[in-house]
Amino acid sequence: MVSIVHLTGVLLTVMLILAVSWLSGRKVKDAHSFTTGGKSGSLMVCGAMLGTLAGGQSTIGTAQLAFSYGISAWWFTIGAGIGALVLGLFYSGPLRRSGCTTLLEVVSREYGHKAETVGSILFLIGIFISIMSQVMSSSAMLGSLFGISTFWASIAGAALIMLLVLFGGIRSAGAGGIVKLILLYLCSLIAGIIVWHIAGGLTGLREGLDNVYHSPALAQFSGLTDVESIHHRYGSPFARGVFKDLGGCLSLVLGVVCTQSYAQCIWSASSTPRARRGAVLCALFMPVIGAACTLVGIYMRGHYITADELKSLQAAGETLPAGIGVIENSAQAFPAFILQHLPAWLGGLMLGTMLVNILGCGSGLSLGAATILVRDVYGNFKRRMGMTASPLSSLAQTRLSIVGILVAAVIATLVFHSSFINDLGFLSLGLRAVAILFPLCLALWRPGRYNPSRVLLSMPTGVAAMLAAKFAAFPGDAVYYGLAAALIIILTGKNRRPIRNEG
């Protein structure tokens, strides 16, 4: 149950993180000081990257996936960590030497402004999916805290994200990220240690799974027929299939490399060595946080069932087994663990840290999506139509766009509420990677060697192939199909000799 101690802890933690962010934000006098060169040290770079990577998908989403598929849920944070490592070790130097401030600017300089426009639209799709996952995460958190339905929790989460955008968005992600990093890392470690202690290690975790799946109706509902299948699902790193789980990891690795917010952290560093060290630190922290969240999810599976599973038990004439609790849905596994199994003061601290992290990620993504929509999509439309003025100011357009994006995200969340949060994360980052990975790499390391029109065509073709594979449920992960389609298009347009595109 939620106590006054929990709520006090949440309030104090949120106030602490927002205060640090506000004080840090006062030092930023203009956009140039953040987007180019900057003065961030390794810890600030690490904090800014963790501020987005360790959001609702890495914590609530990982515990949710572990609730249903065990240790294979760890791939999300492993992939994120490897992605940060690759970005820091291999891309930090070329990106900083490029003289650009955005990834799409790097692509545009080599392949023309049309590539930038197409990339912006495709990025918008990927970002919107991530916004959905943050709304779902905030909904799970608020639903657990206040016992409200998914409908009202989704609306409340979107409203809080909107307020945080107005508060200041992501202007001081570095300092706030450091505070969140320290709090989230310590709380995750403590949560993992507590799980290990109260469960009695691996043996206790297995016994919990055997106990909850002792019910024939519940085992049938989950598609598990015997003890061996239970242990395989929860103990195998490839519970959903080798190509599926490795494909999800690949989506994270490449998606981190191809996402502007993470590249922005590299550009904000005071030097390339500091950028590298910050990315390497982030890579070390992510899997540890994921391991703790995975343990939480497995423990909760052994002691709780969802409301839908309870209905299946009742329909089969079975009763709820002794010692088993009920949560509304699997996304509430981590919040419910915090409320039921941690000391109230620690639970409030962790809930506050996770809540502000989720809302901060959502606000930054919403602001970025609105900026793309107003500046690139609507701005290009105005230029093509010969419009020199707009009835609304740029600020009003951005605010209305944020409202529209979050309303659409709430609707999509309610439609796809049964989806795994991490699956949305895999899809979102995979789409961004398919859209610009090859154009970005070729612009950085092989300029002038590929036909710009073919490179441009590869971007929507790859994304279309990935989405088609996703909705048609092709074997493996959809990212393979998207990358293959994009690469085939590019390779058919290789120039005989290097040329520079001036468009």
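Look up: the structure comes first, before these words.
This structure is a prediction, so every number in the text was calculated from the model and none was measured. (Residues numbered from 1 in each chain as written. Predicted model: local features only at pLDDT ≥ 70, side-chain atom pairs only at ≥ 80, totals over all residues. Heavy atoms only, no water.)

### Some points on the overall build of the protein
Of the regular secondary structure elements, the protein holds 22 helices and two strands. Within the protein, buried positions represent 55% of all 503 residues. Long-range contacts, defined as pairs at least 24 residues apart, comprise 84% of the intrachain contacts of the protein with a sequence gap of at least 6. Accessible surface computed for the protein: about 21000 Å², of which carbon and sulfur atoms make up 67%. (Helix = DSSP H or I, 4+ residues; strand = E, 2+ residues; numbered from the N terminus. Buried < 20%, exposed > 50% of the residue type's maximum accessible area, 1.4 Å probe, protein only. Contact = heavy atoms within 4.5 Å. Areas by Shrake-Rupley, 256 points an atom, 1.4 Å probe, with all protein chains shown as cover.)

### Here we look at helix α14 (residues 260-268)
α14 sits mainly inside the fold: seven of its nine residues count as buried. Residues of α14 that are buried include every one of Tyr262, Ala263, Gln264, Cys265, Ile266, Trp267 and Ser268, and no others.

### Examining helix α4 (residues 57-69)
Compared with an ideal rise of 1.5 Å per residue, which puts 13 residues at 18 Å, α4 spans 15 Å between its outermost C-alpha atoms and falls more than 12% short. The element α4 is largely enclosed, with a buried count of 12 among its 13 residues. Taken as a whole, α4 has its buried residues at Gln57, Ser58, Thr59, Ile60, Gly61, Thr62, Ala63, Gln64, Leu65, Ala66, Phe67 and Ser68. Of the residues flanking the end of α4, it is Gly70, one or two places downstream, whose phi is positive at about 70°. (Expected span 1.5 Å × (residues − 1).)

### Let's talk about a nonpolar patch on the surface
A cluster of nonpolar side chains, namely Ile4, Val5, Leu7, Phe146, Ile148, Phe151, Trp152, Ile155 and Trp345, defines an oily patch on the protein surface of about 910 Å² accessible area. Every element with two or more residues in the nonpolar patch is listed here: α1 (4-25) and α8 (150-167). (Patch = residues over 30% accessible without salt bridge, like charges linked within 9 Å, V, L, I, M, F, W, Y side chains within 5 Å. Salt bridge = Lys/Arg side-chain N within 4 Å of Asp/Glu carboxyl O.)

### As for the packing of helix α5 (residues 75-97) against helix α20 (residues 421-445)
Their axes nearest at 14 Å, the elements α5 and α20 cross at an angle of 20°. By the criterion of interaxial angle, the relationship of α5 to α20 is roughly parallel. Crossing of α5 over α20 shows left-handed handedness. From α5, Phe76, Phe90, Tyr91, Pro94 and Leu95 reach across to α20, where they touch Asn422, Gly425, Phe426, Leu437, Leu440, Cys441, Leu444 and Trp445. Its residues placed into classes, the contact of α5 with α20 shows 11 nonpolar, two polar and no charged. (Axes fitted to C-alpha atoms, helices over the stretch in contact; angles between N-to-C directions. Parallel < 35°, antiparallel > 145°, perpendicular 65-115°, else oblique. Left-handed = near helix turned anticlockwise from the far one by under 90°. Nonpolar A, V, L, I, M, F, W, Y, C, P; charged D, E, K, R; others polar.)

### A short note on the pattern of salt bridges
Per the stated rule, a full pass over the model turns up three salt bridges. Residue Asp245 pairs with Arg240 through a salt bridge whose shortest N-O separation is 3.8 Å. For Asp245, a relative accessible area of 4% corresponds to the buried category. Given the relative accessible area of 18%, Arg240 is considered buried. Between Arg301 and Glu309 there is a salt bridge, and its shortest N-O distance comes to 2.9 Å. Summarising the burial analysis for this pair, Arg301 and Glu309 share the class buried. Salt bridges linked by common partners bring Arg240, Asp245 and Asp423 together as one network.

### What about the layout of surface pockets?
If a probe as big as a water molecule is rolled over the atoms, it shows which places are left empty. The volume enclosed by the second largest pocket comes to roughly 650 Å³. Elements with a minimum of two residues in the lining of the second largest pocket: α4, α7 (113-146), α11 (216-222), α12 (227-235) and α16 (307-315). Of the residues assigned to the lining of the second largest pocket, the class counts are 11 nonpolar, 14 polar and six charged. (1 Å grid on protein atoms, 1.4 Å probe; cavity = no way out; pocket = protein on both sides within 12 Å on 5 of 7 lines; lining within 4 Å. Points joined across faces, edges and corners; volume = space filled by probe spheres on them.)

### With respect to the side chain of Ser428
Locating Ser428 in the fold gives a position in helix α20. With residues up to four places along the chain from it excluded, the contact list for Ser428 reads Gly126, Ile127, Ile129 and Ser130.

### A few points about the packing of helix α6 (residues 103-111) against α20
In the contact formed by α6 and α20, the axes pass within 9 Å of each other and the chain directions differ by 65°. What the angle tells us is that α6 and α20 run roughly perpendicular. The crossing of α6 and α20 is left-handed. Between α6 and α20, the residues in contact are Leu103, Leu104, Val106, Val107, Glu110 and Tyr111 and Ile436, Pro439, Leu440, Leu442, Ala443 and Leu444, respectively. Classifying every residue of the contact of α6 with α20 by side-chain character gives 11 nonpolar, no polar and one charged.

All quantities given are derived from atomic positions and should not be read as evidence of function.
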